[in-house]
Amino acid sequence: MPASGLALGSVRVDVPVVLAPMAGITNAAYRRLCREQGAGLYVCEMITSRGLVEGDATTKQMLVFDELEDVRSVQLYGTDPAYVGKATEILCADYGVHHVDLNFGCPVPKVTRKGGGAALPWKRNLLGEILTAAVSAAARYGVPVTMKTRMGIDPEHLTYLDAGRIAEESGAAAIALHGRTAVQGYSGTADWAPIAELVEHVGIPVLGNGDIWEAADALRMVEETGAAGVVVGRGCLGRPWLFRDLAAAFTGTAGPGASGLVLPTLGEVRTMMYRHAELLSQHMGEERGCKEFRKHISWYLKGFSAGGDLRHALALVSSLAELERLLAELDGDEPFPTVVLGAPRGRQGSPRKRVVLPEGWLDDEDGTGLSLQEDADEVSGG
């Protein structure tokens, strides 16, 4: 399938693939690593509007961009239109951001209990007020605003069709839909049928999200739903080369064979691991960068036969020299374990019994003028 690219207002993406923001993962180093593998749009970790407006130090530390990051994309979380509008303006004016994505998909209880994330689209007018504030602020700088959401709170409280309509009416450039409800979290299987339904329902581009573990999944999602592109999250954990595969698949340059994949040997994975730690060290300093890299070890080595003692030592690495020495102990000729292809990666968990919501949240669908305040340090995704 040849790629037609993706247009998000003034932002043009050669390959219709977006890296989903993931807390503690999609920092400047990881975005650079993924960008080196293939074309796409790579979104910064989610930040809070309140944290940005009030000058929270942690929020500012997250807003770091690589020197080669020519398209700066940030996901913004907020529940108050005034805060979201002001934060959007700060991103555009002070940080030179080219694209702002609003998060209405986070299923984490500490977020939904305050009416944020995937809970917020239930209040239709509040959703519109927030989108309008962000779009208005960004328009002065020619910056497009998009939104990401889920199907709804639970099967009895679906919001995605109204959210798509409101996004379009508010001037959003696109909407991304994760094919799960908030009550599902990351469990079970994503339902792509609502993505196709949303495509028919709105005139703006719809991006599909959920269970894209391989490049073939992305092609199938676009074919089955008519989505303009895909959003990839957990599927790239420990596999930044997935963006190489996606670029090849969408541009019709994938190799021969059933999968079209060029699977890396453990030696090639080893090289990628060191490159990742090296970039983290460049951005954070070597000690902190190596500590940050530790969480990625199990994802990179999933399915490989590396011994437990070596894995344990790698998970405690504190310098690039130590990492290089330990990586040298891996068998560089070991082929990629095909058994892990198509398998879920990262967090899954079980469905929740219910979504934690503010008292009386479901009593009405309006929310006009509702005053909600998120914590300044919320970090998640959706």
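Residues numbered from 1 in each chain as written. Predicted model: local features only at pLDDT ≥ 70, side-chain atom pairs only at ≥ 80, totals over all residues. Heavy atoms only, no water.

K.L.:
Before we go on, may I ask you to explain the pattern of salt bridges in this structure?
P.N.:
As a working rule, side chains carrying opposite charge can pair if their charged atoms are close by. A complete count under the given rule lists 22 salt bridges for this structure. A salt bridge links Arg239 to Glu214; the shortest N-O distance between them is 3.0 Å. Of this pair, Arg239 sits in the loop between strand E12 (229-232) and helix H10 (242-251) while Glu214 is found in the loop between strand E11 (206-209) and helix H9 (215-225), placing the two residues 25 residues apart along the sequence. For Glu214, a relative accessible area of 10% puts it in the buried group. Several salt bridges converge on common partners, so that one network encompasses Arg32, Glu36, Asp66, Arg275 and Glu278. (Salt bridge = Lys/Arg side-chain N within 4 Å of Asp/Glu carboxyl O. Helix = DSSP H or I, 4+ residues; strand = E, 2+ residues; numbered from the N terminus. Buried < 20%, exposed > 50% of the residue type's maximum accessible area, 1.4 Å probe, protein only.)

K.L.:
Whenever I open this one, the nonpolar core confuses me. Can you help?
P.N.:
Burial of nonpolar side chains together is a common tendency in soluble globular proteins. Core analysis: the biggest nonpolar cluster contains 105 residues, and Leu91, Leu102, Met147, Val230, Leu246 and Phe250 have the highest contact counts within it. Setting aside anything within four residues of it in sequence, one finds Leu91 in contact with Ile47, Leu52, Leu63, Val74, Leu76, Gly96, Val97 and Val100. Val11, Ala20, Leu41 and Val43 belong to the second largest nonpolar core, which has 12 residues in total. (Core = buried A, V, L, I, M, F, W, Y, C linked by side-chain atoms within 4.5 Å. Contact = heavy atoms within 4.5 Å.)

K.L.:
Honestly, the pairing of strand E4 (residues 41-48) in this entry has me stumped. Any pointers?
P.N.:
Each regular strand carries side chains that alternate between the two faces of the sheet. Burial of E4 is extensive: eight of the eight residues sit out of reach of the surface. Note: strand E3 (residues 17-19) against E4, two bridges, orientation parallel. Counted as the bridge partner of Leu19 is Tyr42 from E4. Strand direction decides the pairing type here: E4 and strand E5 (residues 73-77), joined by four bridges, are parallel. When the bridges of E5 are listed, Ile47 appears paired with Leu76. (Pairing = 2+ DSSP bridges.)

K.L.:
Mind showing me how you'd approach the packing of aromatic side chains here?
P.N.:
Note on aromatic pairs: each is described by the distance of the centres and the angle between the planes. Tallied over the full model, the rule gives four aromatic pairs. A ring pair is formed by Phe304 and Phe336, whose centres lie 5.6 Å apart and whose planes are at 90°; its orientation type is edge-to-face. Remark: Phe336 occurs in the segment after helix H15 (320-327) and Phe304 occurs in the loop between helix H13 (297-300) and helix H14 (308-314); sequence separation between them is 32 residues. Neither residue differs from the other here; Phe304 and Phe336 are each classed as buried. (Phe/Tyr/Trp six-rings, centres within 6.5 Å; stacked < 30°, edge-to-face > 60°.)

K.L.:
Would you explain empty space enclosed by the protein in this entry?
P.N.:
A probe as big as a water molecule, rolled over the atoms, marks out the empty space that is left. Scanning the model with the defined rule gives two cavities of 30 Å³ or more in all. By volume, the largest cavity amounts to about 130 Å³. Along its surface, the largest cavity is lined by 17 residues, and Val18, Asp101, Ala176, Leu207 and Val231 are the ones closest to its centre. Of all the secondary-structure elements, those providing two or more residues to the lining of the largest cavity are E4, strand E6 (99-104), strand E7 (145-150) and strand E10 (174-178). Class assignment of the residues belonging to the lining of the largest cavity gives a composition of 12 nonpolar, three polar and two charged. (1 Å grid on protein atoms, 1.4 Å probe; cavity = no way out; pocket = protein on both sides within 12 Å on 5 of 7 lines; lining within 4 Å. Points joined across faces, edges and corners; volume = space filled by probe spheres on them. Nonpolar A, V, L, I, M, F, W, Y, C, P; charged D, E, K, R; others polar.)

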